[in-house]
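# Coordinate analysis (summary)
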Amino acid sequence: MAESPRRAAGRRLLLPLLCLFFQGATAILFAVFVRYNHETDAALWHWGNHSNAANEFYFRYPSFQDVHVMIFVGFGFLMAFLQRYGFSSVGFTFFLAAFALQWSTLIQGFLHAFHGGHIHVGVESMINADFCAGAVLISFGAILGKTGPAQLLLMALLEVVLFGVNEFVLLSLLGVRDAGGSMTIHTFGAYFGLVLSRVLYRPRLEKSKHRQGSVYHSDLFAMIGTIFLWIFWPSFNSAPTSLGDGQHRTALNTYYSLTASTLSTFALSALVSRDGRLDMVHIQNAALAGGVVVGTSSEMMLTPFGALAAGFLAGTVSTLGYKFFTPILESKFKVQDTCGVHNLHGMPGILGALLGVLVAGLATHEAYGDGLENVFPLIAEGQRSATSQAMHQLFGLFVTLMFASVGGGLGGLLLKLPCLDYPSDSQCYEDQVYWEAPGAAPLPLPSPPAFQVPGEHEDTAQEPLRVEEPDTQA
Amino acid sequence: MAESPRRAAGRRLLLPLLCLFFQGATAILFAVFVRYNHETDAALWHWGNHSNAANEFYFRYPSFQDVHVMIFVGFGFLMAFLQRYGFSSVGFTFFLAAFALQWSTLIQGFLHAFHGGHIHVGVESMINADFCAGAVLISFGAILGKTGPAQLLLMALLEVVLFGVNEFVLLSLLGVRDAGGSMTIHTFGAYFGLVLSRVLYRPRLEKSKHRQGSVYHSDLFAMIGTIFLWIFWPSFNSAPTSLGDGQHRTALNTYYSLTASTLSTFALSALVSRDGRLDMVHIQNAALAGGVVVGTSSEMMLTPFGALAAGFLAGTVSTLGYKFFTPILESKFKVQDTCGVHNLHGMPGILGALLGVLVAGLATHEAYGDGLENVFPLIAEGQRSATSQAMHQLFGLFVTLMFASVGGGLGGLLLKLPCLDYPSDSQCYEDQVYWEAPGAAPLPLPSPPAFQVPGEHEDTAQEPLRVEEPDTQA
Amino acid sequence: MAESPRRAAGRRLLLPLLCLFFQGATAILFAVFVRYNHETDAALWHWGNHSNAANEFYFRYPSFQDVHVMIFVGFGFLMAFLQRYGFSSVGFTFFLAAFALQWSTLIQGFLHAFHGGHIHVGVESMINADFCAGAVLISFGAILGKTGPAQLLLMALLEVVLFGVNEFVLLSLLGVRDAGGSMTIHTFGAYFGLVLSRVLYRPRLEKSKHRQGSVYHSDLFAMIGTIFLWIFWPSFNSAPTSLGDGQHRTALNTYYSLTASTLSTFALSALVSRDGRLDMVHIQNAALAGGVVVGTSSEMMLTPFGALAAGFLAGTVSTLGYKFFTPILESKFKVQDTCGVHNLHGMPGILGALLGVLVAGLATHEAYGDGLENVFPLIAEGQRSATSQAMHQLFGLFVTLMFASVGGGLGGLLLKLPCLDYPSDSQCYEDQVYWEAPGAAPLPLPSPPAFQVPGEHEDTAQEPLRVEEPDTQA
């Protein structure tokens, strides 16, 4: 039974009202709690006798900007592969991430940078907020095309909180190392989204099947996302690591790992196809698994060979996942994973966590020298053995999976609230549900214009436009 | 009465001739006046006993590169939203900005960096020239689709000079603070372009109405521009500010302001539509207003809350402007503003100037400590009170509006010179007037190729290509 | 005579097998030889008493990231101008460059950074490997559309080795200066590719002529490549130069040169066309020649005027090359140069080498002061006169041309190995040969959806989707 247009229109009002309410609430919380830290505040910075060159800004801001590109261009365009969902992919990424940046500045601030009643912000809080937005966008990838923007906003509201708590438990309570977020970002974001997608399972989604593929140019738009993610991933993993050798080594390891995942993805994509042809879905996604898999370990003494091996493995597992596991995930586990986040973030995230367990367990004073303090402070201070650190890392993975699963379940229930608008089974993957979308093809070309007299008489001189483009009419 | 093709072809010759003449002239002026500054000259740099790490390059070049992306990718693709004007949007942006960089290096150099008979250049002159190019591109946005490249070149010739003079009056004579250019760039560029568009008013522009909208993929290209502008705006505002806390705080404030303008744009866009659907024009443009509105004040102690509030307001005003004011601007004021620069740069620029008045007026020694010297040197040196600085800021806005209006008027007269070529009323928003433009659709897909013997016999083995793509033919 | 599908499918297997074999081989070589250098190794970095701010990472990583964007986004999308070859252009760029990064880390490492039995890696090896990948991609541009991925992989295997040897001869043995690679990258890559293309000459390539042009949106994708290359070229040339004034001056010179090549390209493109209209091929390519032509000399005291003049000349030569020389190259010299790399990299590369000869020959102690040590160490140490340096530079160009020609010839023979798969004459410039390529057009738009009751009854409420898009059907 169809509801009245009035009631439906009322439901559409929920998005702007939620936006305005949340923006008002975060603004008030910002007014009460958020302050410049000692490197952004004019008085505090000039209080000490600092050299301007020592400001954290110069060590982290270029990496921050690279991360920022990944979040907004990378995720946004990567998800624009669907033929009729580019506006939503890029637009909702923009919207969700903008909200998540504000909200996670507060949540992470309360948990990590709350001193004297205030949250202190600077370039590190900008990086951390972008990381949290990354996790939200990974979850978005699992439910892409099947949710409305008000639902997504509520998902972000919940996920940012749980992301912050999980990150706090791992990094602050358990002393787990996870600079590039194999666990806190990729594993958490993927399983949160997958469980949420399970709760929102649509048995009749095949009604929108015809819109679930790409078209030629939408695949090229998606490659913009892929390539920017790939290029800047070394900055992603190294953005929060310790200065000096820490950032340098992290970037280098990630760079090697990504080259290897790219080669294994091309190899496997050709191998598993009927006729040796490459599949854009694999190239767009699995080639990035090398960045995910070294998220935990790239700041460690992974060695360049270790980075290659890890990347190779991740690209292989991810490609095989797209080919063989995604169909099973839907048919057996009733998880409809639009972007295959299980293959790009889920499995490689878990592999990355396990690789972190391994590399942490192998840490020695000899290999790290005085740098051990930066990478494994608890081992350097004698509070933990390498084996104990490895066990804590492993426990961190289980904690993350638990938070993600419970959170995704709660999120699914939240998104089922009857007041929320979402597309029907036959309207999935369609921009026009939430956007004023123009048609696909431009006007046919006019004939090349004859030279004209500009000025008053031009219109009499103007010949009617003629269609002269047989290609597009064929 | 149509002119002869010969005379018209002659008019087309004007563009290359102007280009060659201007390039020759700037080259001669460069030869006579432009010299490396003490940080780019091999002998001068090594004369002093500098640490290489102290070279300004390392403090400003990453930000410069971000600004460079905004000017060429950001503006270029943002204006590519029109269905048949992508070549011109991206191409003329490229062309105009390249010219403006050279020309404004000279103009700004004469006004700001002329010592001992020479202009001294380095990374700061690169940033300043890019900023001037930004103002030219804002004006271009107002007349997009209705002008020829020779007209645009003359516009840039004039506008760069007036931009430089206005900037000199504000920054050097009045002691106004405007790091991110709410006044000098956005307000100036917008009103210059709007007045110019008024002078070039075309009463019969509806003859090109059918080309004035977007198509699906052109909107996605425009989003490339939007997102890169959004991402790098913190670098834009912070590129010229003082080192240390200055750049850090400016970037942080801009980042917050942009998140708020994004949320308010999504909220308002859904609110003002008939059925709750979002409008790409708003998302592509109004979401950026948060960067414009803190152009003046983001280097000041705006506070994170202040940044959110300013961004929220700017996104709201800008979206409402697109919805309600743009139609009035055309019907009542006879200003045809193709990209809505009044909504994105004009009103938010004025708001940003007023916000600067407010924040400057509230400046205290307590809030800025010893950092006051960097942000408000005249207050720190006791030459001015905060209130006096605020009054100077306000006066700077009026000066800018005056320079922009008079300049735009002069520009309009200049562009009406009868020797200049421009599209007729029915040829507006059409690439083919100035570009060799190919058709819109690729060839239909061939059937998947059968495996072939490479080598001499391949052609006998080759089956004719068959069309096998029912989707595109439907 | 057609071969059996089984034999053909076997040939398709070669790509994944080669990938896996090469990845295995480089991984083993990495395990044996590649080690972190003293700035990336935790123990080595903390052994010395360094300030973290002194880590090379902070001086070169932002430039490296810009170079990385140029290699993967710049080259990839620039070559996506063909209407049906975007997947291959972007995808094979991704694939080839990923392989080249690993392989050239080894080759360049053995030649330049082999100490104590190990190759030591850090941000400089990352930059150098990206540069080598650039040369491979230039060669790829000459044969774009006419080769299979296994052929390309073998080309890269050979070219990386010869690139490394040529670079070693020039920089280490001859003491040639070539920071931005006018010789080692552009001239080498271009003539390697052109000779290779000559060996693979296809007399019946006109069978694929209909696919050799662009379509409207493919030209816009190509402009993404162009603009990112243009923006970041200052970082490309300055990435490996000496710190301080060296990087600063190099970036500044490149920036000026590019503005001039852009203006001369627009001028010449309009001049040489029948009716004054601009040609996208020129704008996409020749406008970049200003970056190539100062590759050698931008670190020298070229002067801003010198940079403008060089850029102007390069843009002019390159545009005229596209217009007049490319057809001759095919008809007389039987070189089918898909992307016109002779015009963008070949001629401007040679011009750049000659400009380097000139500027080196003019070097004086007075002009460079104590900075002479950084730019021309052999002159500063009294081992060489400026004239002698100039002669060495000139000899370097001849060596490069010789290596490139012999290498390209060898490469051509290698790529003719009968076991390698390649497209037939009528299948060139077609993605579907190696990719699962979807159709070009999205589904027609449905009518705007009526508001719906979400939930169980939605499907009865759902109206059938109607086509309502008269524009695209006209």
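A few points on the structure. As the structure is a prediction and not an experimental result, all values here were calculated from the model.

Check the secondary structure of chain A and you find 20 helices and three strands. Relative to the globule expectation of 23 Å for 474 residues, the C-alpha radius of gyration of chain A, 25 Å, shows essentially globular dimensions. In terms of its C-alpha atoms, chain A occupies a principal-axis envelope of roughly 85 × 60 × 60 Å. A burial count over chain A gives 69% of its 474 residues as buried.

Here the focus is unusual backbone geometry. Residues and elements named next belong to chain A. Despite not being glycine, Thr 303 shows a phi value in the positive range, around 75°. The topology assignment puts Thr 303 in the loop between α12 (289–293) and α13 (304–331). Exposure remark for Thr 303: the relative accessible area of 35% places this residue in the partly exposed category. In this structure, Tyr 429 is a non-glycine residue whose phi angle is positive, near 55°. Tracing the chain through its elements places Tyr 429 in the loop between α18 (386–415) and α19 (458–461).

Moving on, we get to the pattern of salt bridges. All names here are of chain A. Following the criterion strictly, the structure yields 24 salt bridges over all chains and no others. Notably, a salt bridge pairs Glu 124 with Arg 60, separated by 3.8 Å at the nearest N-O pair. One end of the pair, Glu 124, is in helix α6 (residues 123–143); the other, Arg 60, is in helix α4 (residues 57–78), with 64 residues separating them in the sequence. For Glu 124, a relative accessible area of 43% translates into the label partly exposed. Under the relative-accessibility criterion, Arg 60 is labelled buried at 5%. Linking Glu 430 and Arg 84 is a salt bridge whose minimum nitrogen-to-oxygen distance equals 3.4 Å. Of this pair, Glu 430 sits in the loop between α18 and α19 while Arg 84 sits in the loop between α4 and α5 (86–112), placing them 346 residues apart in sequence. A single network of salt bridges, built from pairs that share partners, joins Glu 56, Arg 60 and Glu 124.

On the chain B side, the residues contacting the 98 residues of chain C number 95 residues. Across the interface of chain C and chain B, roughly 8400 Å² is buried in total on both sides, 70% from carbon and sulfur atoms. Our count for the chain C to chain B interface comes out at zero salt bridges. On the surface where chain C and chain B come into contact, there are 25 residue pairs in polar contact (both at pLDDT 80 or more).

The next subject is the sheet that holds strand β1 (residues 34–36) of chain C. Residues and elements named next belong to chain C. In spatial order, the strands read β1-β3-β2; together these three strands make up an open sheet with mixed pairing. The strands lining the two open edges of the sheet, one partner per strand, are β1 and β2 (114–115). The sheet contact formed by β2 and strand β3 (residues 118–121) spans two bridges and is antiparallel. The residue bridging His 115 from the neighbouring strand is His 118, located in β3. This element, helix α5 (residues 86–112), spans β1, β2 and β3 of the sheet and lies at about 110° to β3.

This next bit is on the environment of Thr 105 of chain C. Position of Thr 105 of chain C among the secondary structure elements: in helix α5. Here Thr 105 of chain C falls in the buried class, since its relative accessible area comes to 3%. In the structure, Thr 105 of chain C is positioned 16 residues away from Val 121 of chain C in sequence and 8.0 Å away in space, judged by C-alpha atoms. In contact with Thr 105 of chain C, not counting residues within four places along its chain, are Tyr 256 of chain A together with Phe 30, Ala 100, Ile 119, Val 121 and Ala 129 of chain C. Polar side-chain contacts of Thr 105 of chain C include one of 2.6 Å to the backbone oxygen of Leu 101 of chain C.

Here the focus is helix α7 (residues 149–173) of chain A. For α7 of chain A, which comprises 25 residues, the first-to-last C-alpha distance of 35 Å matches the rise-based estimate of 36 Å (1.5 Å per residue) to within 8%. Count one or two residues on from α7 of chain A and you reach Gly 175 of chain A, which has phi positive near 65°.

Turning our attention to the relation of the copies chain A and chain C. Take chain A, turn it by 120°, move it 0.0 Å along the axis, and it overlays chain C with an RMSD of 0.0 Å. Such a turn and shift between the copies fits a three-fold axis. Minimal C-alpha separation from the rotation axis in chain A is found for Pro 62 of chain A, amounting to 3.8 Å. The share of interface residues of chain A whose copies in chain C are also at the interface is only 19%, consistent with the copies meeting through different surfaces.

Counting residues at the interface gives 99 residues for chain A and 95 residues for chain C. Contact between chain A and chain C buries roughly 8400 Å² in total, counting both sides, with carbon and sulfur atoms accounting for 70%. Where chain A packs against chain C, one counts zero salt bridges. The interface formed by chain A and chain C contains 24 residue pairs in polar contact (both at pLDDT 80 or more). Only α1 (5–12), α4, α9 (216–238), α10 (245–272), α11 (280–285), α13 and α15 (365–368) of chain A provide two or more residues apiece to the side of chain A that touches chain C. When residues of the side of chain A that touches chain C are assigned to their parent elements, the largest contribution, 18 residues, is made by α10 of chain A. Each residue belonging to the side of chain A that touches chain C can be placed in one class, and the counts come to 55 nonpolar, 25 polar and 19 charged.

Attention shifts here to the packing of aromatic side chains. If you walk through the whole model with that rule in mind, you get 96 aromatic pairs over all chains. One aromatic cluster is present, built from ring pairs that chain together Phe 72, Phe 87, Phe 92, Phe 94, Phe 95, Tyr 434 and Trp 435 of chain A together with Tyr 216, Trp 230 and Phe 266 of chain B. Sitting over the face of the ring of Tyr 216 of chain C, Arg 84 of chain B holds its NZ or CZ atom 4.5 Å from the ring centroid.

Attention now goes to the relation of the copies chain C and chain B. By a simple turn and slide, chain C fits onto chain B: the slide is 0.0 Å along the axis, the RMSD is 0.0 Å, and the turn is 120°. With a heterologous cut-off of 20% or less, the 19% of interface residues of chain C that recur at the interface of chain B puts this contact in the heterologous class.

It is worth spelling out a nonpolar patch on the surface at this point. A cluster of nonpolar side chains, namely Met 402, Val 406, Leu 410 and Leu 413 of chain A, defines an oily patch on the protein surface of about 400 Å² accessible area. Secondary-structure assignment places Val 406 of chain A in helix α18.

All names here are of chain C. Between α5 and helix α6 (residues 123–143), the least distance of the axes is 8 Å, while the angle of their chain directions is 135°. As the angle between them shows, α5 and α6 are arranged oblique. Every pair of crossing elements has a handedness; the one defined by α5 and α6 is right-handed. Contacts between α5 and α6 involve Ser 88, Ser 89, Phe 92, Thr 93, Leu 96, Ala 97, Ala 100, Leu 101, Ser 104, Thr 105 and Gln 108 from the former and Asn 128, Ala 129, Asp 130, Cys 132, Ala 133, Val 136, Leu 137 and Phe 140 from the latter. Residues that form the contact of α5 with α6 fall into these classes: 11 nonpolar, seven polar and one charged.

With that settled, the discussion passes to the sheet that holds strand β2 (residues 114–115) of chain B. Residue and element names in this part refer to chain B. The strand order across the open sheet formed by three strands is β1-β3-β2, and the pairing between neighbours is mixed. The open sheet has two edge strands, β1 (34–36) and β2, and neither has a second partner. Contacts from helix α2 (residues 14–33) reach β1, β2 and β3 (118–121) within the one sheet, and its direction differs from that of β1 by about 55°.

About the criteria used
Residues numbered from 1 in each chain as written. Chains lettered and ligands numbered in written order. Predicted model: local features only at pLDDT ≥ 70, side-chain atom pairs only at ≥ 80, totals over all residues. Heavy atoms only, no water. Helix = DSSP H or I, 4+ residues; strand = E, 2+ residues; numbered from the N terminus. Rg over C-alpha atoms; globule rule 2.2 N^0.38 Å. Buried < 20%, exposed > 50% of the residue type's maximum accessible area, 1.4 Å probe, protein only. Salt bridge = Lys/Arg side-chain N within 4 Å of Asp/Glu carboxyl O. Contact = heavy atoms within 4.5 Å. Buried area = accessible area lost by both parts, 1.4 Å probe. Polar contact = N/O pair within 3.5 Å; in protein donor to acceptor, adjacent residues only side chain to side chain. Pairing = 2+ DSSP bridges. Axes fitted to C-alpha atoms, helices over the stretch in contact; angles between N-to-C directions. Expected span 1.5 Å × (residues − 1). Least-squares fit on C-alpha atoms with pLDDT ≥ 70 in both. Nonpolar A, V, L, I, M, F, W, Y, C, P; charged D, E, K, R; others polar. Phe/Tyr/Trp six-rings, centres within 6.5 Å; stacked < 30°, edge-to-face > 60°. Lys NZ or Arg CZ within 6 Å of the ring centre and 35° of its normal. Patch = residues over 30% accessible without salt bridge, like charges linked within 9 Å, V, L, I, M, F, W, Y side chains within 5 Å. Areas by Shrake-Rupley, 256 points an atom, 1.4 Å probe, with all protein chains shown as cover. Parallel < 35°, antiparallel > 145°, perpendicular 65-115°, else oblique. Left-handed = near helix turned anticlockwise from the far one by under 90°.

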